[in-house]
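Architecture and fold: a report
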Amino acid sequence: MLKKGLIGVFCLWQAVVVAQSFPECPAHSYFSLHNYSKWPPQVIAAGFNPAAFGSLSHHAVFIYSEQRFLLKELSTYQFGTAIKTHSGAFGLQGSMDGQPDYQHFSTTLHYGRQLDEAINIGLGFEYSAYNIKGYGNAGYLNINAGTIIKLTGQLRTGITVKRIPAYQLNKLSNKLKPEFLVALGYDFSDQFYSAIQFEKTYSEANNVHLLFVYRAKENLAFKGGLATGTPVYFGGISFTKSNITFDVTSSYHPYLGLTPALSLHFNISKPGNDLNDVVE
Amino acid sequence: MKHLLTIWLSISVFKALPAQELPPVIEQKLELTVEADEMESEDDSYLQHLEYWKLNPLDLNSATETDLQQLRLLTPLQVSLFIQYRNTVGKLVSIYELQAVPGWDIYTIKKLLPFITVINTGKSFEPLVARLKGGDHYILARLTQVLEKAEGFKKSTGSFYEGSRPHLMMRYRYRYKNNLQYGIVADKDAGEAFFSRSQKQGFDFYSAHFFATGLGKIKTLALGDFTVNFGQGLIHWQSLAFKKSADVINIKRQSAVLRPYASAGEYYFNRGAGISLQHHHIESSVFISYRNQTASFTFDSLAGQNIITSVATSGYHRTATELKSKKQLGQFSYGGAIRYKKANWHAGVNAVRYAFDNPVQKRDEPYNRFALAGSTWSNYSLDYSFTRRNMHVFGEAAIDHQFHKAFLNGMLISVDTRVDFSLLHRFISKEYQSVNGNAFTENTLPVNEQGLYAGIAMRLTPVLKLDLYADLFTFPWLRYLVDAPSKGKEYLVQFTITPSRNLEIYSRFKTEAKKSNQSNNITVTNILIDVNRYQWRLHTVYRINKDVVLRQRTELSWYQKGIKKEEGFLVYIDGVYKPLMKRMGGSIRLQYFETSSYDSRIYAYENDVLYNFSIPAFFGYGYRYYVNVDFDIRKNLTVYLKLSQTNFPNQQSIGAGNDRIKGSKKTEIKFQGVVRF
C-alpha cells in the first residue's frame, strides 16, 4: 500500500511540477532502437523516430500494453496503425496511461519518407492531455521531428527531437520538456544487431540505452539491454507467425521491480508487396 | 593497386574540402588546447599556413624537416623516416610513392593530401630583391559585432567601455612562395576606442613583420614581429602548441626557431629582430626584442616605482582600469640557440634573458611563493633528439635564473606497422619558472609538475583505430585554488572507424581526476577534495556527395566535486556545402546544450570565416545555430559572412559585468572580405 502511495505521489509530482509525459519505461523505449537496423522497423518503433515511417514496407497495426512495476494504476496502453503510400508513410498512434485519478492521453499523427536511399526524414504532430483529479486538465500540441541516415549497409544513425516546439493549450499548465535522442545502430550480421541511443530530456539525467538483438531463427528473436539514467535492465522475446509478431518484454528496476509488457504487431500487407497494397 | 586507387580517389575527394575545413584530428587538438587553457587564442598562424598549402601544396621533394613539422599532421618519427627515405632513395617520382615510406600508412597520406604535392624540379632560392615581385598579396578586413548591446556600452560613468561595439581586424600580407613574406595587422577589440579618446592613432594594436628564408648563409631573417621556439618549450615557446589529445603520438614540440607573426593576438610574440645562420651542420639563432606589455601594478612608495603584479594576455583596453595597465611593463628580451644537426640526431643549447623596466612581484599568496620575481630573469637549456630505426627520442634539460631545474624526455616507438607507442616524462621542480615556456604539461606553463605520460595508437583493422593515453602527474607545490601539493590523473580512449572514404566515426571517452580546495570552506586551512570529470563523445562525419558533408556530434559530460554532481549534454548537426568550381559555399549548424553550470561545460569547434576559428564553451541550457556563407564576387575577391545566435530560454540576461546582455539571446554577426592580387 505504501509502495502504491509513493508511486502515486511520484506520478503526481511528475505531472504537476514538470507536466512531463510519463517517463518512458525502457521496456517500451527499447523499441526505439530498432529503427536503426537494416530490417524494416515495426510501427511501434517508428513512433519514436517518425523518419522510420519512410522505411516501412507494409501497412500495419499494433497494440501494446504494460503494467509498470506490476501496478494496475500505472498501466499503459498503446495502439497504432501505419499506411504506406508512394510518397512515404502515414501513421496514427494513440496511448493512454494511468488511472482515473491521473490520466494521460496522447494522439500522434506521423509522416515519414525517404529523401533518397540514404536519408529518411519524418514529422510527428502530437496532442497530449493530462487529467488530474483535483488539479484540472492540461493540454499540449507538440511537434516531433527525426531523421535517419544510412551511413553504410550495416550502420545507421538518427536524431529525434521531441516537443520542439511545444504549445500549451491551457495557460495554467507547465511547459513540456524538450527531448533529444541520438542513436547509432549496427547490423553485425543477419542474426545480430546492436544499437546505442543517447537520450537527454531537459533537467533530467543523461540517459544511454543499449540494445542487443539476436535472431535465433527467422521468426524468433531474443532482445536485451539496459538504460543508465535510472539503471534499468530489460529483456524480451519476439516471435513471428505469419503476419503477426508477438513481443513479450520485461524491464527490471532494482527498487521498484518488474514491468512486464506485451505488444502485438499485425502486418496487413505482405512485406515487399507494395504494388498491390499501396493506397492511391 | 587498390591502395593506389584509394589515394587517387582521395585526392579528388579531399581537395574539395571547404576553405576552413580542418582535419578532425586538428579540430580535436584545438578544442582540447582551449579546454586546458580555458581561453581561445587569436593566433591564426596555423590556419594561415594550412590555407597557403591548400592553394600552394608543399612539394615533398624540396620540403625541409621544418616544413613537414609545420604541417602538424606528422609525428616526429614520420618526419624523420621520410627525410631518411628521401636521402637514401632520392626524390619521389610521384605521390603514389608515399606508400613506400616507412611509417607512412594510408591514413597519414590521406590526411596530408590536400596540402602536399610532388614536383620534380629542385628547390631554388631567388635573390631577395627578386622575391619582392611575383608573389601574392592579400588584404583582409573583418568586422564582428554582437547585435545586443552589453551593459558596458550603455554606461558613461564607473567602469564602462569607451569605444564602439564592432571588433575590427585588418591585415595586409605579401608572400613569395615560402621564402619571403611581410605584412601589417591592425586590430581593435569590441569596446576599444577607434581614432578617438585613448586611441587617437586608430587601432589599439598594430603588428608588422618581415620574414625571409634561404638567403645564403642566412637561413632565416625576421624583422618586426616574430615568434621564438626553443627545444621542447621548457624555456621559451610562442607558436601554437597543442596539449594532450587523441593524437597520442604527436607529443613532441616541433617548429623552426624563428617563425613570422601575423596574427591579432597581443601577447605571444617578440618584437625586434631575429636571425638564424646555417653553416654545414651548425645552425645558430639569435634574437632581440623589446615590447611594452599590459600589466597590473601597484605603486611601491618605498622604492618609488611600480611593481608589476600580473601580466595581461587578453589584449583588452576598453575600460579605464584596462587602459591604466596598458604598456606598464617594458620587457627587453634576447637570446639564442646553437644547434648541431646530423641526419639522425641533433643537440642544441638555448638561452634567453629578460629585463623588465619595472620589477615583477606577484601577489603575496602561498601558491606564489616560488613565482618569478625581480627585474631580470633568464633560462638556459640543452635539448636533443635522435632517431634510430623505428625509435625517436627527444628531450630538454633546463635551468632558470636561480638554477632551479626542469627536465622533459620523451620517446616514440613504432613497434609494428600498426602500432605506435609514446612515452614522456617531465620533472619540473616547484621552484622552476619561465616567462614564455609552453611545454607538453598539464599546467599551462611548465611549472611545479612531475608526470609520466604514455600513449598507444593501434590500427586494429583497416577500418578501426584505437588511440589511448594515460597521464599520471603530481604538483609538488600549491596551485591557484589548490592549497596543498596534489596529484592527478587523466585517461583517454578513442575508437575511430572509417568504414568507407565517405564516413568517419569516432567515439571518445576522457576522464580526469584532480584535487581542488573544498567549496565554502570555513576552516583556517583548506581541505582538498577530489574533482572528477568524465566526457563521452560520439562524432560522425559523413560525406553525402562531393559537395556536401554532414557532421553530427553528441557529447555527455559528468562533473563531480566532493558531493556536488553535475551533468552536461551537447548535440549538434551541421551541414557543409562546398562545391568545386562554384562561387558560393557555406555551412549551417543546429545545436542544443544543457549543462548544470560552468563546471560541466562542453567545448565545440565551429566553422568560421577564413583564418578564424571559434571554440566556445557551452554551459547552461540553450540552443545555438550558425550560418556561414562564402561567396566569390570575383576571381580575386571573396566575402564571408557568419551569423550565429545562442538562445538561453531560461535566462533573463547573459554574461556578467560589462559584458552582461539583457534578454535571453545573443546574436553575433561576422563579415569579412579578402582581396587577393
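Reading the values: rules and limits
- Residues numbered from 1 in each chain as written.
- Chains lettered and ligands numbered in written order.
- Predicted model: local features only at pLDDT ≥ 70, side-chain atom pairs only at ≥ 80, totals over all residues.
- Heavy atoms only, no water.
- Helix = DSSP H or I, 4+ residues; strand = E, 2+ residues; numbered from the N terminus.
- Rg over C-alpha atoms; globule rule 2.2 N^0.38 Å.
- Buried < 20%, exposed > 50% of the residue type's maximum accessible area, 1.4 Å probe, protein only.
- Contact = heavy atoms within 4.5 Å.
- Areas by Shrake-Rupley, 256 points an atom, 1.4 Å probe, with all protein chains shown as cover.
- Lys, Arg positive; Asp, Glu negative; His and termini not counted.
- Charge placed at Lys NZ, Arg CZ, Asp CG, Glu CD.
- Phe/Tyr/Trp six-rings, centres within 6.5 Å; stacked < 30°, edge-to-face > 60°.
- Lys NZ or Arg CZ within 6 Å of the ring centre and 35° of its normal.
- Expected span 1.5 Å × (residues − 1).
- Buried area = accessible area lost by both parts, 1.4 Å probe.
- Salt bridge = Lys/Arg side-chain N within 4 Å of Asp/Glu carboxyl O.
- Polar contact = N/O pair within 3.5 Å; in protein donor to acceptor, adjacent residues only side chain to side chain.
- Nonpolar A, V, L, I, M, F, W, Y, C, P; charged D, E, K, R; others polar.
- Core = buried A, V, L, I, M, F, W, Y, C linked by side-chain atoms within 4.5 Å.
- Patch = residues over 30% accessible without salt bridge, like charges linked within 9 Å, V, L, I, M, F, W, Y side chains within 5 Å.
- Pairing = 2+ DSSP bridges.

What follows deals with the overall build of chain B. Scanning chain B from terminus to terminus reveals eight helices and 33 strands. Taken against the 2.2 N^0.38 rule, which gives 26 Å for 677 residues, the C-alpha radius of gyration of chain B at 25 Å falls within 12% of a compact globule. C-alpha extents for chain B along the principal axes are approximately 70 × 55 × 55 Å. For chain B, the residues scored as buried account for 55% of the 677 residues in total. Contacts spanning at least 24 positions in sequence make up 63% of the contacts within chain B whose residues lie at least 6 apart. Carbon and sulfur atoms make up 61% of the accessible area of chain B, which amounts to about 28,400 Å² in all. When the 84 positive and 62 negative side-chain charges of chain B are each reduced to one mean point, those points stand 3 Å apart.

The next subject is the packing of aromatic side chains. Aromatic ring pairs are reported here in terms of the distance separating the ring centres and the angle at which the planes meet. Within the structure shown, the criterion is met by 41 aromatic pairs over all chains. Consider the rings of Tyr453(B) and Tyr469(B), whose centres lie 5.3 Å apart with planes at 35°: the pair is tilted. Of this pair, Tyr453(B) sits in strand β19 (residues 449-461) while Tyr469(B) sits in strand β20 (residues 464-475); the two residues are 16 residues apart in sequence, bridging distant segments of the chain. The same class applies to Tyr453(B) as to Tyr469(B), namely buried. Connected via pairs of aromatic rings, a cluster forms that spans Phe180(A), Tyr202(A), Phe569(B), Tyr592(B), Tyr621(B) and Tyr623(B). Residue placement shows Arg318(B) over the ring face of Tyr316(B); its charged tip is 3.9 Å from the ring centre. Its end group placed over the ring of Tyr107(B), Arg459(B) keeps NZ or CZ at 3.5 Å from the ring centre.

The next point concerns the environment of Arg479(B). Residue and element names in this part refer to chain B. Secondary-structure assignment places arginine 479 in the loop between β20 and β21 (486-500). Here arginine 479 falls in the buried class, since its relative accessible area comes to 18%. The spatial distance from the C-alpha of arginine 479 to the C-alpha of lysine 217 is 46 Å, given a sequence separation of 262 residues. Every residue in contact with arginine 479, bar those within four places of it in the chain, is listed here: Tyr367, Asn443, Asn448 and Lys514.

This part is about helix α5 (residues 76-89) of chain B. All names here are of chain B. Between its first and last C-alpha atoms α5 spans 20 Å; for 14 residues at 1.5 Å apiece the expected length is 20 Å, and the two agree. Within α5, ten of the 14 residues are buried, which leaves the element mostly enclosed by the surrounding structure. Three or more residues of α5 are buried, namely Pro76, Leu77, Gln78, Val79, Ser80, Leu81, Phe82, Ile83, Tyr85 and Arg86. The inward-facing, buried residues of α5 contact α4 (65-71), α6 (106-112), β15 (373-388), β16 (391-400) and β17 (405-416). Directly beyond the C-terminal end of α5, a positive phi value near 105° is found at glycine 90.

Contact residues are listed per partner, giving 23 residues for chain A and 24 residues for chain B. Taken together, both faces of the contact between chain A and chain B bury some 2,000 Å²; the carbon and sulfur share is 76%. Interface area lost by chain A to chain B is led by Phe198(A), Tyr202(A) and Asn206(A), which between them contribute 29%. Remark: the boundary between chain A and chain B carries one salt bridge. The shortest N-O distance in the salt bridge between Glu594(B) and Lys200(A) comes to 3.7 Å. For the pair chain A and chain B, the interface holds four residue pairs in polar contact (both at pLDDT 80 or more). Every element with two or more residues in the side of chain A that touches chain B is listed here: β6 (136-150), β7 (155-162), β9 (179-187) and β10 (192-201) of chain A. Among the elements that take part in the side of chain A that touches chain B, β10(A) stands out by supplying four residues, more than any other. In terms of residue class, the side of chain A that touches chain B is made up of 16 nonpolar, four polar and three charged.

On to the nonpolar core, then. Residues and elements named next belong to chain B. Grouped together as the largest cluster of nonpolar side chains are 39 residues, with contacts concentrated most on Phe230, Leu234 and Phe356. Counting only elements with at least two residues in this core, the list comes to β7 (218-228), β13 (329-341), β14 (345-361), β16, β17, β18 (419-428) and β19. For this core, the element with the highest residue contribution is β14, accounting for four residues. Those residues in contact with phenylalanine 356 that lie beyond four places of it in its chain are Leu329, Gly330, Gln331, Leu372, Gly374, Ser375, Thr376, Trp377 and Val435. Leu60, Ile95, Ile109 and Leu113 belong to the second-largest nonpolar core, a separate cluster that totals 37 residues.

Residue and element names in this part refer to chain B. On the surface, Ile282, Ile338, Tyr340, Trp345, Val349, Leu382 and Phe386 cluster together into a nonpolar patch covering about 630 Å² of accessible area. Listing elements by their share of the nonpolar patch, those giving two or more residues are β13, β14 and β15. Examined against the element boundaries, isoleucine 338 turns out to sit in strand β13. Accessibility expressed as a relative area gives 53% for isoleucine 338, which makes it exposed.

Residues and elements named next belong to chain A. In this structure, strand β5 (residues 119-132) lies alongside β6, joined through 14 bridges in antiparallel fashion. Along β6, the bridge assignment pairs asparagine 120 with isoleucine 148. What sits between β5 and β6 in their antiparallel hairpin is a turn of three residues, with glycine 134 showing a positive phi close to 90°. As paired strands, β6 and β7 are joined by six bridges and run antiparallel to one another. Considered in β7, the bridge of isoleucine 148 is made with glycine 158. The turn joining β6 and β7, which pair antiparallel and follow one another in sequence, is formed by four residues.

Quick look at the environment of Asp483(B) now. Residue and element names in this part refer to chain B. Its location among the elements puts aspartate 483 in the loop between β20 and β21. With 33 residues separating them in the primary sequence, aspartate 483 and serine 516 have C-alpha atoms 7.8 Å apart. When sequence neighbours within four positions are dropped, the list of residues in contact with aspartate 483 reads Leu478, Asn517, Asn526 and Leu528. Reaching out from aspartate 483, the side chain makes a polar contact with the side chain of asparagine 526 at a distance of 2.9 Å.

So, on to the pattern of salt bridges. Oppositely charged side chains are able to pair whenever their charged atoms sit close together. Residue and element names in this part refer to chain B. If you walk through the whole model with that rule in mind, you get 45 salt bridges over all chains. Residues lysine 564 and aspartate 599 are paired through a salt bridge, measuring 2.9 Å at the closest nitrogen-oxygen approach. Here the residue lysine 564 occupies a position in strand β25 (residues 564-577), and aspartate 599 occupies one in the loop between β26 (584-595) and β27 (602-603), the gap between them amounting to 35 residues. Several salt bridges share partner residues, and in doing so they unite Glu35, Lys244, Arg426, Glu442, Glu449, Asp471, Glu490, Lys510 and Lys514 into one network.

All names here are of chain A. As for its position among the elements, serine 37 is in the loop between α2 (26-29) and α3 (43-46). Along the sequence, serine 37 and glycine 153 sit 116 residues apart, while their C-alpha atoms lie 9.5 Å from each other. Here the side chain of serine 37 touches tryptophan 39 through a polar contact of 3.2 Å, landing on its backbone nitrogen.

Another point: unusual backbone geometry. Positive phi outside glycine occurs at Leu70(A), with the angle close to 60°. With respect to the helices and strands, Leu70(A) occurs in the loop between β1 (60-67) and β2 (75-85). Of the residues examined, Leu70(A) reaches a relative accessible area of 53% and is grouped as exposed. Despite not being glycine, Phe195(B) shows a phi value in the positive range, around 55°. Relative to the helices and strands, Phe195(B) resides in the loop between β5 (180-188) and β6 (205-215).

Remember that the coordinates give geometry; whether it matters functionally is a separate question.
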